[in-house]
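# Coordinate analysis (summary)
Given next are the chains, with one letter for each unit.
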Amino acid sequence: MMLCRIRPTETTESVRTIDYDHLYASGKRALIFDLDNTLARRGTKQLNASILAFLELLGDKGFQVGILTNRRRNADDPIVHSLRKWVPVVSKAGKPSRRGYRKILALLDASPQASVMIGDRWFTDCLGAVRMGMHSIRVRSV
Ligand SMILES: [Mg+2]
């Protein structure tokens, strides 16, 4: 039995091949990124400067940017610690539970309708977004 209507999800190569201008033109104002294997390879300990430059570019386009990750470590996680200086981060999100999505949307002051979830996993990233009524984009790799 279908518990919710599964809407088509876009799939793209990576976060760099998404048409962000198109998303903005269609009314999207908040971009919520998964971390592992979406912005950085799983197990990455240091934040790559190009990730920050990329997120900054999206901010310049007019988007609110946030990170929603199931990573469990928090204060002692150097990559999460670095990202927090720039953008809101919700870790231990428990995706696909809706709790983490609600938390990051509140931090960004964004509605589900105006937000996009971008991640590499259908079950954790996209299903949760669909349940929230958010558009989602699955990326194949970092
Ligand atoms: Mg991931």
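Residues numbered from 1 in each chain as written. Predicted model: local features only at pLDDT ≥ 70, side-chain atom pairs only at ≥ 80, totals over all residues.

Another aspect to go through is helix 2 (residues 49-60). For the α-helix, the turn length of 3.6 residues means that residues three or four positions removed from each other point alike. Taking 1.5 Å of rise per residue, the twelve residues of helix 2 would be expected to cover 16 Å, and the 17 Å separating its terminal C-alpha atoms lies within 8% of that figure. G62 lies just past helix 2 and shows a positive phi near 110°. (Helix = DSSP H or I, 4+ residues; strand = E, 2+ residues; numbered from the N terminus. Expected span 1.5 Å × (residues − 1).)

What follows covers unusual backbone geometry. Following K95, the chain continues into P96 via a peptide bond in cis, with omega recorded as 10°. Tracing the backbone through its elements, the reader meets P96 in the loop between strand 4 (89-90) and helix 4 (98-108). For D109, which is not glycine, the phi dihedral falls at a positive 55°. Checked against the element boundaries, D109 lands in the loop between helix 4 and strand 5 (115-119). Accessibility expressed as a C-beta count within 10 Å gives 10 for D109, which makes it exposed. (Buried ≥ 20, exposed ≤ 12 C-beta atoms within 10 Å, placed from the backbone.)

What follows deals with the environment of M132. With respect to the helices and strands, the residue M132 is situated in helix 5 (residues 122-132). With 21 C-beta atoms packed within 10 Å, M132 lands in the buried category. Distance from M132 to P112, taken between C-alpha atoms, is 6.5 Å for residues 20 residues apart in sequence. Each residue touching M132, except ones within four places of it in the same chain, is listed here: R98, Y101 and P112. (Contact = placed C-beta atoms within 7 Å.)

All right, on to the pairing of strand 2 (residues 30-33) then. Covered by surrounding structure in strand 2 are A30 and I32 together with L31 and F33, the residues of both alternating faces. Both strand 2 and strand 3 (residues 64-68) contribute to a ladder of four bridges, which runs parallel. By the bridge assignment for strand 3, L31 is matched with V65. Since strand 2 and strand 3 lie parallel, the crossover through helix 2 that links them has a hand, and here it is right-handed. Pairing between strand 2 and strand 5: four bridges, direction parallel. (Pairing = 2+ DSSP bridges. Right-handed = clockwise from strand over helix to strand, strands pointing away.)

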